[in-house]
Amino acid sequence: MATTTLNFLADFHHVATIGATPDHGVERQAGTPEHGRAREWFRGWAEDHGMAVRVDAVGNTFALYEWVPGADFVLVGSHLDSQPLGGRFDGAYGVIAALHAAAEADARVQEGTFVPKHNLAVVDWFNEEGARFPPSIMGSSVFTGAMDLETILATRDPQGTTVREALESIGCLGRDEPPRPVAYAEVHIEQGRILERERVPIGAVDRSWHTQKLLVHVQGEQSHTGATIMSDRHDALVAAARVVLLVEQVVAEFPPESIVSSVGQLFVEPNSPIVVPREVRLVADLRAERKEDVLTAREILLRRIQDVAAEREIRIDVADFDVREIQRFPEEGLELVEKSAREAGLESLRLRTMAGHDSVPLNRIVPTVMMFVPSVGGVSHCEREFTTDEDMLAGLAMLQQVVLKLAEGQLDDVRPGEATA
Ligand SMILES: [Zn+2]
């Protein structure tokens, strides 16, 4: 095996030790000390390889090769933060692959075998996961102007810490001007089963699903769990439990595998064993291939949730949150992936992403290439997440090719991806 691939694997498996959990996962939620340590590793690696490091106002970290003074930058990257008890591949794989692809491109520039038109920057986006600080895809959305910087910096985690404070605590509240982008590329684990099922090592992502969240605020009345007779209770948690089931059951109204839904977060007040809950806040997540299915599911839920409120004589407010339109990735980028795969002797196929990624907001402002490698069993956001070394190396080889083509300006005349229904 060539030294670059050996070095890549050594780096990948090293970063997996930062915030490692007992069953081979990682816990590096945004702005925690473990996340800070992973980012220190990133900075050190970049500086050791001759890259200049910049940190912007929302903590996105860029490692730059400025080959052509004043030219725009091809960005390539992903994220080093994780879910609680998350997997070691989600995000980190794409960042480490990007560093190695960039160093490889720089070696070619230095030896005179590659003449770039654009500069290259590896980026570690801040808070892609959105576990501690919702919404997800935060840093890249601020970068593209889809989210407001001051609102995001003031966002609090459940303990009351703001994004600004968390960034300061890990030395990542920057003041640097971010590089001006001309294109973006990202490689990521699929987090689904399609590539594994089809036995294909490379996925060219052609579109993202329509997604939205619902913030549901259930307001009952606090009372004594022992002394209050049943007919006098306005139990917010029982009503919330009904809502959780409604969210799960709504998918039954649609064709199989066309829509997914879940409630992943729930806060109960006052959360005392001796008190009938006063208040519950929960987040429902709806995602579908077609926008109209998400809208229909939302309508059904709004109606049924109000039925629960009426029946229980409590108040339930529902607000839309984190709405993301379907994005199509540019055809020319898909063809670039397919051609690079053919040249490398690898099979590829087109597929959609049900998960959100930093590439989705980036695709709104610059032509964007998103690639997947297989996830064993399709599992993700858990310690069991796994991708083989062989598949990671195939993705790295693809990313190296794509980065060179983008730096040559191959997608310069391509319009960014479009949101469609
Ligand atoms: Zn990710």
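Scope of this entry: the structure provided in the associated data block. (Residues numbered from 1 in each chain as written. Predicted model: local features only at pLDDT ≥ 70, side-chain atom pairs only at ≥ 80, totals over all residues. Heavy atoms only, no water.)

Overview of the packing of aromatic side chains
Counting across every chain of the model gives 9 aromatic pairs. Geometrically, the ring pair formed by Phe8 and Tyr93 is edge-to-face, given 6.1 Å between the ring centres and 75 degrees between the ring planes. Of this pair, Phe8 sits in helix H1 (residues 3-15) while Tyr93 sits in helix H3 (residues 92-111), placing them 85 residues apart in sequence. Owing to a relative accessible area of 0%, Phe8 belongs among the buried residues under this scheme. The buried category is assigned to Tyr93, whose relative accessible area is 0%. Considering the side-chain rings of Tyr65 and Trp67, the 5.8 Å spacing of their centres and the 10 degrees angle between planes classify their relative orientation as stacked. The residues Tyr65 and Trp67 share a single accessibility class, namely buried. Feature note: the residues Phe8, Phe12, Phe89, Tyr93 and Phe386 constitute an aromatic cluster, connected by ring pairs. (Phe/Tyr/Trp six-rings, centres within 6.5 Å; stacked < 30°, edge-to-face > 60°. Helix = DSSP H or I, 4+ residues; strand = E, 2+ residues; numbered from the N terminus. Buried < 20%, exposed > 50% of the residue type's maximum accessible area, 1.4 Å probe, protein only.)

A few points about the nonpolar core
Ranked by size, the top nonpolar core spans 61 residues in total, and within it Phe8, Met51, Tyr93, Val122, Leu399 and Leu406 carry the most contacts. When sequence neighbours within four positions are dropped, the list of residues in contact with Leu399 reads Val76, Ala97, Ala98, Ala101, Ala185, Glu186, Val187 and Met371. Of all hydrophobic cores here, the second largest spans 27 residues; its members include Ala236, Val243, Val308 and Ile316. (Core = buried A, V, L, I, M, F, W, Y, C linked by side-chain atoms within 4.5 Å. Contact = heavy atoms within 4.5 Å.)

Observations concerning the packing of helix H10 (residues 331-343) against helix H12 (residues 389-407)
Axis separation between H10 and H12 bottoms out at 10 Å; the angle between their running directions is 125 degrees. The orientation of H10 with respect to H12, classified from their angle, is oblique. The two elements H10 and H12 meet at a crossing, and its hand is right-handed. Counted together, Leu336, Val337, Ser340 and Ala341 of H10 and Met398, Gln401, Val402, Lys405 and Leu406 of H12 form the full contact between these two elements. Considering only residue class, the contact of H10 with H12 consists of 6 nonpolar, 2 polar and 1 charged. (Axes fitted to C-alpha atoms, helices over the stretch in contact; angles between N-to-C directions. Parallel < 35°, antiparallel > 145°, perpendicular 65-115°, else oblique. Left-handed = near helix turned anticlockwise from the far one by under 90°. Nonpolar A, V, L, I, M, F, W, Y, C, P; charged D, E, K, R; others polar.)

A short note on the coordination of the zinc ion
Of the protein atoms, only His79 (NE2), Asp90 (OD) and His188 (NE2) coordinate the zinc ion, at distances of 2.0 to 2.2 Å. What makes His188 buried here is its relative accessible area of 1%. (Donors = N, O, S within 2.8 Å, 3.2 Å for Na, K, Ca; no water.)

A look at the sheet that holds strand E9 (residues 259-269)
With antiparallel pairing, 4 strands are arranged side by side in an open sheet as E9-E11-E7-E12. A strand with exactly one partner marks an edge of an open sheet, and here the two such strands are E9 and strand E12 (315-324). Averaged over all pairs of adjacent strands, the angle between their axes in this sheet comes to 15 degrees, without regard to strand direction. Taken together, the 10 bridges between strand E7 (residues 210-219) and strand E11 (residues 279-288) define a ladder with antiparallel strand orientation. Bridging across to E11, Thr211 finds its partner in Arg287. (Pairing = 2+ DSSP bridges.)

Comments concerning helix H8 (residues 236-249)
Here H8 is 14 residues long and its end C-alpha atoms lie 20 Å apart, about the 20 Å a rise of 1.5 Å per residue gives. Along H8, the residues that are buried comprise Ala236, Ala239, Ala240, Val243, Leu246 and Val247. Summarising the axial view, the buried residues of H8 lie within an arc of 110 degrees, below the 170-degree limit, and thus occupy one face. In this structure, the buried residues of H8 make contact with E7, E9, E11, helix H9 (291-312) and E12. (Expected span 1.5 Å × (residues − 1). Arc of directions from axis to C-beta.)

Notes on the environment of Val251
Structurally, the position occupied by Val251 is in the loop between H8 and E9. A C-alpha to C-alpha distance of 9.4 Å links Val251 and Asp293, two positions 42 residues apart in sequence. Residue contacts for Val251: discarding those within four places in its chain leaves Ile259, Val260 and Ser261.

Brief notes about the pattern of salt bridges
Under the definition given, this model contains 26 salt bridges. For Glu47, the salt bridge is made with Arg43, and the minimal N-O distance between the two is 3.3 Å. In this pair, Glu47 and Arg43 are both assigned in helix H2 (residues 33-48), 4 residues apart and thus about one turn of the helix distant. Linking Glu198 and Arg197 is a salt bridge whose minimum nitrogen-to-oxygen distance equals 3.5 Å. Glu198 sits in the partly exposed class, given a relative accessible area of 43%. Each of the salt bridges in this network shares a partner with another, and the network as a whole consists of Asp206, Arg207 and Glu289. (Salt bridge = Lys/Arg side-chain N within 4 Å of Asp/Glu carboxyl O.)

Regarding the packing of H8 against H9
One can describe the packing of H8 onto H9 by two numbers: an axis separation of 10 Å at closest approach and a directional angle of 155 degrees. Looking at the two axes, H8 sits roughly antiparallel to H9. Taken as a pair, H8 and H9 cross one another with a handedness that is right-handed. Residues Val238, Ala239, Arg242, Val243, Leu246 and Val247 of H8 form the contact with H9, whose own contacting residues are Leu301, Arg304, Ile305, Val308, Glu311 and Arg312. Residues that form the contact of H8 with H9 fall into these classes: 8 nonpolar, no polar and 4 charged.

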